[in-house]
Amino acid sequence: MCRSNNYPKGFYCSWHLPSPTYIPNSFNISVIHGTREMVCEKDIFPKNRCHIRYLQLFSTVKYKVTLTVTNALGKNSTSLTFDEFAIVKPDPPESVVAKPVPNNPRRLEVAWQNPSSWPDPESFPLKFFLRYRPLILDQWQHVELSDGTSHTITDAYAGKEYIIQVAAKDNDIGTWSDWSVAVHATPWTEEPKHLTTEAQITETTSTSTSSFVPPPTTKICDKGAVVGSGAVAVCWTAGLVLAAYGVLFI
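*Asks:* Can you break down the environment of Ser 14 residue by residue, with the values?
*Replies:* Within the fold, Ser 14 resides in strand S2 (residues 10-14). As a C-alpha pair, Ser 14 and Lys 42 span 28 residues in sequence and 9.7 Å in three-dimensional space. Look past the residues within four positions of Ser 14 in its chain and what remains in contact with it is Met 1, Asn 48 and Arg 49.

What follows is the structure in structure tokens.
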């Protein structure tokens, strides 16, 4: 399998055995462009992959990649022929985020970044494909975007959690990337207001209106305490004395 995820720098080819051989194997890969053999630089990790740099862009000449596997039992070869444009496939968009729009119960703002492996988005811009659905449904909704790295969903179900993914593709050539890592978001919902019932109003009124009984203002005079015509009658307001001092002296 060969793929260009960093066009126009080059492409890589990777391989694997369809079934284990349980004996040591060696791999040799050759890349031919027209009549010219190209160098395939093997990766340290993973070991079953190598990179090829483009020597000529926008070429209509096909590439031919041949992989030869050799072990104690012999060797076997397989070949693949393709056009330069056919193997262009970006990596998925990165840093996808989704968040609710304040005071808009049916909107979600989605933003992302170009894949970091795509070297020149100014000269080779990407377009994007966004898909989203509420978790309660299985059917996806899709939006294709020719430019920009953000989009506002305007038809979300209020209060429902959504799952959202984005894919990328060169504007003119190649195929769509795999889907990005899924993100989740729920549209904005209004905070519930506190409702006061009639019973609560009655209870509150009853509580705030205490059963305070004003102290009696009747004056009490002890006639037996009056001595002689020039004596002064001792009088007091019982309620006030109790309220002020809490103790009635007799």
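*Asks:* Before we move on, can you summarise the environment of Glu 94 with the specific residues and values?
*Replies:* When you line up the elements, Glu 94 lands in strand S9 (residues 94-101). Separated by 72 residues in sequence, Glu 94 and Val 166 place their C-alpha atoms 8.9 Å apart. Setting aside anything within four residues of it in sequence, one finds Glu 94 in contact with Trp 112, Gln 113, Asn 114, Pro 115 and Ser 116.

*Asks:* Tell me about the side chain of Arg 133, and name the residues and values.
*Replies:* Inspection of the secondary structure assignment puts Arg 133 in strand S11 (residues 126-134). Salt bridges are absent for the buried Arg 133, whose nearest opposite-charge side chain, Asp 138, sits at 4.6 Å. Polar side-chain contacts of Arg 133 include one of 2.7 Å to the backbone oxygen of Leu 137.

*Asks:* So what about the layout of surface pockets? Which residues, and what values?
*Replies:* Of the pockets and cavities examined, the largest pocket occupies roughly 250 Å³. Lining of the largest pocket is provided by 17 residues; of these, His 16, Leu 17, Pro 18, Val 69 and Asn 76 occupy positions nearest its centre. Per-class residue counts for the lining of the largest pocket are six nonpolar, 10 polar and one charged. Of the volumes computed, that of the second largest pocket is approximately 160 Å³. Here the residues of the lining of the second largest pocket sort into eight nonpolar, four polar and no charged.

*Asks:* Outline the pairing of S2, supporting the account with residue identities and numerical values.
*Replies:* Counting buried positions over the five residues of S2 gives five, a clear majority of the element. Side chains of S2 alternate between two faces, with Gly 10, Tyr 12 and Ser 14 and Phe 11 and Cys 13 buried alike. Pairing of strand S1 (residues 2-3) with S2, which is carried by two bridges, proceeds in the antiparallel orientation. Bridge pairing in S2 places Arg 3 opposite Tyr 12.

*Asks:* Go over the nonpolar core with me, naming the residues and quoting the values.
*Replies:* Core analysis: the biggest nonpolar cluster contains 40 residues, and Phe 11 and Ile 164 have the highest contact counts within it. Here Ile 164 is in contact with Ala 98, Leu 108, Val 110, Leu 130, Arg 131, Tyr 132, Ile 153, Val 181, Ala 182 and Val 183, once residues within four sequence places are set aside.

Criteria and cut-off values
- Residues numbered from 1 in each chain as written.
- Predicted model: local features only at pLDDT ≥ 70, side-chain atom pairs only at ≥ 80, totals over all residues.
- Heavy atoms only, no water.
- Helix = DSSP H or I, 4+ residues; strand = E, 2+ residues; numbered from the N terminus.
- Contact = heavy atoms within 4.5 Å.
- Buried < 20%, exposed > 50% of the residue type's maximum accessible area, 1.4 Å probe, protein only.
- Lys, Arg positive; Asp, Glu negative; His and termini not counted.
- Salt bridge = Lys/Arg side-chain N within 4 Å of Asp/Glu carboxyl O.
- Polar contact = N/O pair within 3.5 Å; in protein donor to acceptor, adjacent residues only side chain to side chain.
- 1 Å grid on protein atoms, 1.4 Å probe; cavity = no way out; pocket = protein on both sides within 12 Å on 5 of 7 lines; lining within 4 Å.
- Points joined across faces, edges and corners; volume = space filled by probe spheres on them.
- Nonpolar A, V, L, I, M, F, W, Y, C, P; charged D, E, K, R; others polar.
- Pairing = 2+ DSSP bridges.
- Core = buried A, V, L, I, M, F, W, Y, C linked by side-chain atoms within 4.5 Å.

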